[in-house]
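Chain by chain, the residues run as shown.
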Amino acid sequence: MQRLTRKLKAQGVQFGFVPTMGYLHAGHISLVKRARQLVGKTGQVVVSIYVNPTQFAPTEDLSKYPRDLAQDKQMCRDAGVDILFVPSDTEMYPAEFSTYVVEEKLSRRMEGASRPTHFRGVTSVVAKLFNIVLPDVSVFGAKDFQQAAVIQRMVRDLHFPVKVVVAPTHRERDGLAMSSRNKYLNPMQRDQATVLWLAMELARKQVKSRSVAVERLRSEISKLIATQSEARLDYVEFFDRETLEPVEMVKRGTQMALAVFVGKTRLIDNGTL
Ligand code: AMP
């Protein structure tokens, strides 16, 4: 992969990169389209598929994470992806692997608090993928807003010569953010999973023309989530888009993030209010 990129880059070809864990859906493909726009017809769009073990805790869904490489390949072909990079575990983590990349500030709260080893795995694997693929630009989804912020910080702090672009969240018709994990939901859970979107809509409505105290909004959202028998709130946070610092008063432009268990499936969503 590295040899190929270096050869083409010497000829002036731009590389756009979309890292994924596969089981691709229209949300991933929207990032591919963005990457194509950024590098143009003469550029190369690379998608990686790698279910990265170091970002899963031992209790999480690594072994049952959905996979369908044949379908992913077809979707990539249809979307005009130039290179599909699918490394193996032994290539990515050879024996005696012992070097990790850790972001120490933006990764502490929210996903970092609920999943303490998660971002260490994410930053490490993305750093590795950047070094392998050598992209000029890489596209990440706003659905994982904190992840995108952590990657942007890593790129800045460690001088990766990569431009990070964050693309909007692609949603189902009823507002549910597309996610590979939606596959785990049974029909009733799928129905109830729209509560993440409804929570965001509730917050948007509340702060449309005034600011609202965090505790009040959090309690209203907790109540809304509790109306769904399969749903259990993990966290809902309101914070500054740039610093990720929590705010006390929520207003238009505040960023909201929430994580909700629907049955055993943990879903997250993000949005600007
Ligand atoms: P994943 O395969 O879930 O690790 O996601 C790979 C990339 O796709 C990440 O940058 C995600 O933020 C992004 N992504 C996942 N779901 C969506 C979506 N519904 N809309 C836009 N981007 C998404």
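The structure displayed is predicted, hence computed values, not measured ones. (Residues numbered from 1 in each chain as written. Predicted model: local features only at pLDDT ≥ 70, side-chain atom pairs only at ≥ 80, totals over all residues. Heavy atoms only, no water.)

**Examining the site of the ligand**
For clarity, the cut-off: When at least one non-hydrogen atom of a residue lies within 4 Å of a molecule or strand, that residue is treated as near it. As used in this structure description, the phrase polar contact means that two N or O atoms lie within 3.5 Å; if the pair is within protein, one of them must be able to donate a hydrogen and the other to accept it, and residues adjacent in sequence are counted only when both atoms belong to side chains. Under the convention used here, a 1.4 Å probe and the Shrake-Rupley method define accessible areas, while residue burial counts only the protein chains that appear. Helix numbers and strand numbers start at the N terminus; a helix is a DSSP run of H or I with at least 4 residues, a strand a run of E with at least 2.
Neighbouring the ligand are 16 residues; H28, G141, D144, H170 and M178 lie closest to it. At 2.9 Å from an oxygen atom of the ligand is found a main-chain nitrogen or oxygen belonging to G141. When the free accessible area of the ligand is taken as 490 Å², the share hidden by the protein chains comes to 93%. Broken down by element, the shell around the ligand gets its largest block of residues, three residues, from helix α2 (residues 26-39).

**Quick word on the environment of V86**
What counts, and what does not: Only heavy atoms matter for contacts: two residues are in contact if any of them lie within 4.5 Å across the pair.
With respect to the helices and strands, the residue V86 is situated in the loop between β3 (83-85) and α4 (89-92). Once the C-alpha coordinates of V86 and K128 are considered, the two residues, 42 residues apart in sequence, prove to be 13 Å apart. Discounting chain neighbours no more than four positions away, the residues touching V86 are I49 and L69.

**Description of the sheet that holds strand β10 (residues 265-272)**
Strand pairing within a sheet occurs via backbone hydrogen bonds; the two strands may be parallel or antiparallel. For the record, the criterion: Any two strands between which DSSP finds at least two bridges are classified as paired. To obtain an axis, a line is fitted to C-alpha atoms, over the contacting stretch when the element is a helix, and the angle between two such axes runs from 0 to 180 degrees between their N-to-C directions.
The three strands lie next to each other as β7-β9-β10, forming an open sheet whose pairing is antiparallel. The open sheet terminates on both sides in strands that have one partner only, identified here as β7 (231-239) and β10. Going from strand to strand, the sheet's axes swing by 15 degrees on average, the running direction of each strand aside. As defined by bridge partners, strand β9 (residues 255-262) adjoins β10 across eight bridges and the pair is classed as antiparallel. Directly across from A259, in β10, lies its bridge partner I268.

**Regarding the domain arrangement of the chain**
For the record, the criterion: These domain boundaries are the output of an automatic or database domain assignment. Simply put, the buried area is the total loss of 1.4 Å probe accessible area from both parts when two parts are fitted together. By salt bridge we mean one thing: a side-chain nitrogen of Lys or Arg within 4 Å of a carboxyl oxygen of Asp or Glu. Three classes are used, and their members are as follows: Ala, Val, Leu, Ile, Met, Phe, Trp, Tyr, Cys and Pro are nonpolar, Asp, Glu, Lys and Arg are charged, and the others, Gly among them, are polar.
The domain architecture assigned to the chain consists of domain 1 (2-167) and domain 2 (180-267). Taking only C-alpha atoms into account, the centre of domain 1 sits 26 Å from that of domain 2. Every contact between the two is made by 18 residues of domain 1 and, on the other side, 16 residues of domain 2. Roughly 1600 Å² is buried in total at the junction of domain 1 and domain 2, and carbon and sulfur atoms are behind 54% of that figure. When the buried area of domain 1 at its contact with domain 2 is split by residue, R109, M110 and F145 rank highest and sum to 40% of it. Scanning the region where domain 1 abuts domain 2 turns up three salt bridges. Residue E111 pairs with R266 through a salt bridge whose shortest N-O separation is 2.9 Å. The interface formed by domain 1 and domain 2 contains 10 residue pairs in polar contact (both at pLDDT 80 or more). When residues of the side of domain 1 that touches domain 2 are traced back to their parent elements, those giving at least two are α5 (111-114) and α7 (145-157). In terms of residue count, the dominant contributor to the side of domain 1 that touches domain 2 is α7 (three residues). Of the residues contributing to the side of domain 1 that touches domain 2, the split by class is eight nonpolar, five polar and five charged.

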